Amino acid sequence: MPNDGLPDDLETLKAMLLAERCESERLRQIIKELQRHRFGRRAETLPEEQMLLGLEDVEQTAACDEATADQAAPAERTARAHKRRINRGSLPAHLPRIEIVVDIADKSCPCCKSELHRIGEDRSERLDMVPAQFRAVGAAKIASRKLRLRPG
């Protein structure tokens, strides 16, 4: 054998060349399939259910870890619950406000007929959008001119 590592036998060289060609063709086919998968028509249409299925395990693991942490430290659970209830920001003051009070009509006790007293109150705000309003606006153009009387 010469220094390049190839045999001098013609049949062995032909067999090696055919093996390399087969390997090269196989690799080209793999590259074509990967390109078709990446850039093909169906590459962009991954169903939403399939994506959600992949995220389901992660969500379950996170929920399990959170439940374990809640059982271990109830003070942290209370702090997280309080943090969720904090107002993230009031609505701007320049917005017009409409006050809606939900109260009972009869403020006397059904048993003894004495006056009921207030035991609590909940207040909340929400943003409400009024859609565009369409109206017909009429206009009248009045023409006036000076009448001349003809002598006659």
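All values derive from a computational prediction rather than experimental measurement. (Residues numbered from 1 in each chain as written. Predicted model: local features only at pLDDT ≥ 70, side-chain atom pairs only at ≥ 80, totals over all residues. Heavy atoms only, no water.)

### Thoughts on the overall build of the chain
Applicable threshold: Helix and strand definitions follow DSSP, with helices as H or I runs of at least four residues and strands as E runs of at least two, each counted in order from the N terminus. Throughout this description, buried means an accessible area under 20% of the type-specific maximum (1.4 Å probe, protein chains only), exposed means over 50%, and partly exposed covers the range between. Residue-level accessible areas treat just the shown protein chains as cover; the underlying method is Shrake-Rupley with a 1.4 Å probe.
A tally of regular secondary structure across the chain gives three helices and zero strands. Reading the helices (α) and strands (β) of the chain from amino to carboxyl end gives α-α-α. Here the chain holds 152 residues, and 3% of them are scored as buried. When the accessible surface of the chain is summed, it comes to about 16400 Å², and 56% of that surface belongs to carbon and sulfur atoms.

### Thoughts on the layout of surface pockets
Test applied: A 1.4 Å probe that fits into a set of points on a 1 Å grid over the protein atoms alone but cannot get out defines a cavity; an open set with protein on both sides within 12 Å along at least five of seven lines defines a pocket, and lining residues are those with an atom within 4 Å of a point. Grid points are joined across faces, edges and corners, and a volume is the space filled by probe spheres set on the points. Polar here means any residue outside two lists: the nonpolar Ala, Val, Leu, Ile, Met, Phe, Trp, Tyr, Cys and Pro, and the charged Asp, Glu, Lys and Arg; Gly therefore counts as polar.
Of the volumes computed, that of the largest pocket is approximately 1200 Å³. Forming the walls of the largest pocket are 26 residues, and the residues nearest its centre are Ile98, Glu99, Ile100, Val101 and Ser124. Tallied by class, the residues present in the lining of the largest pocket amount to twelve nonpolar, three polar and eleven charged.

### Quick look at a negative patch on the surface
Worth spelling out the cut-off: Only residues whose relative accessible area exceeds 30% and that take part in no salt bridge are eligible for patches, with like-charged residues grouped when within 9 Å of each other and nonpolar side chains (Val, Leu, Ile, Met, Phe, Trp, Tyr) grouped when within 5 Å. For salt bridges, the criterion is a side-chain nitrogen of Lys or Arg within 4 Å of an Asp or Glu carboxyl oxygen. His is not counted, nor are the chain ends; Lys and Arg add positive charge and Asp and Glu add negative charge. Here the site of a charge means NZ on Lys, CZ on Arg, CG on Asp, or CD on Glu.
A cluster of acidic residues, Asp4, Asp8, Asp9 and Glu11, forms a negative patch at the surface. Residue position: Asp8 is located in the segment before helix H1 (10–39). Residue classification places Asp8 among the exposed residues on the basis of a relative accessible area of 62%.

### Here we look at the pattern of salt bridges
For the structure on display, the rule yields six salt bridges. Salt-bridge contacts for Glu121 lead to Arg118; the nearest nitrogen and oxygen are separated by 3.2 Å. The shortest N-O distance in the salt bridge between Arg123 and Glu121 comes to 3.1 Å. Look at the salt bridges and you will find they share partners, linking Glu99, Arg118, Glu121 and Arg123 into a network.

### Some words on the confidence of the model for the chain
Any residue range with low pLDDT should be treated as having predicted coordinates unsuitable for detailed reading. For the record, the criterion: pLDDT is a residue-level measure of predictor confidence that goes from 0 to 100.
For the chain, the mean per-residue pLDDT works out to 78, and 82% of the residues sit at or above 70. Across the chain, element-level confidence peaks in H1 with a mean pLDDT of 88 and bottoms out in helix H3 (residues 74–85) with 76.

### Concerning the environment of Val101
Considering the arrangement of structural elements, one finds Val101 in the segment after H3. For Val101, a relative accessible area of 65% gives the class exposed. Distance from Val101 to Arg123, taken between C-alpha atoms, is 9.5 Å for residues 22 residues apart in sequence.

### Details of unusual backbone geometry
The phi torsion at Lys113 lies on the positive side, around 65°, for a residue other than glycine. Summarising the element assignment, Lys113 is placed in the segment after H3.

### Structural notes on the state of the cysteines
Worth spelling out the cut-off: Throughout, a disulfide means two cysteine sulfur atoms within 2.5 Å of one another.
Here the structure, examined in full by the defined rule, presents zero disulfides. Not engaged in a disulfide, the cysteine Cys112 finds its nearest cysteine sulfur in Cys109; these two sulfurs lie 3.8 Å apart. What makes Cys112 exposed here is its relative accessible area of 52%.

### Remarks on a nonpolar patch on the surface
Residues Leu6, Leu13 and Met16 make up a contiguous nonpolar surface patch of roughly 220 Å² in combined accessible area. Tracing the chain through its elements places Met16 in helix H1. Judged by its relative accessible area of 36%, Met16 falls in the partly exposed class.

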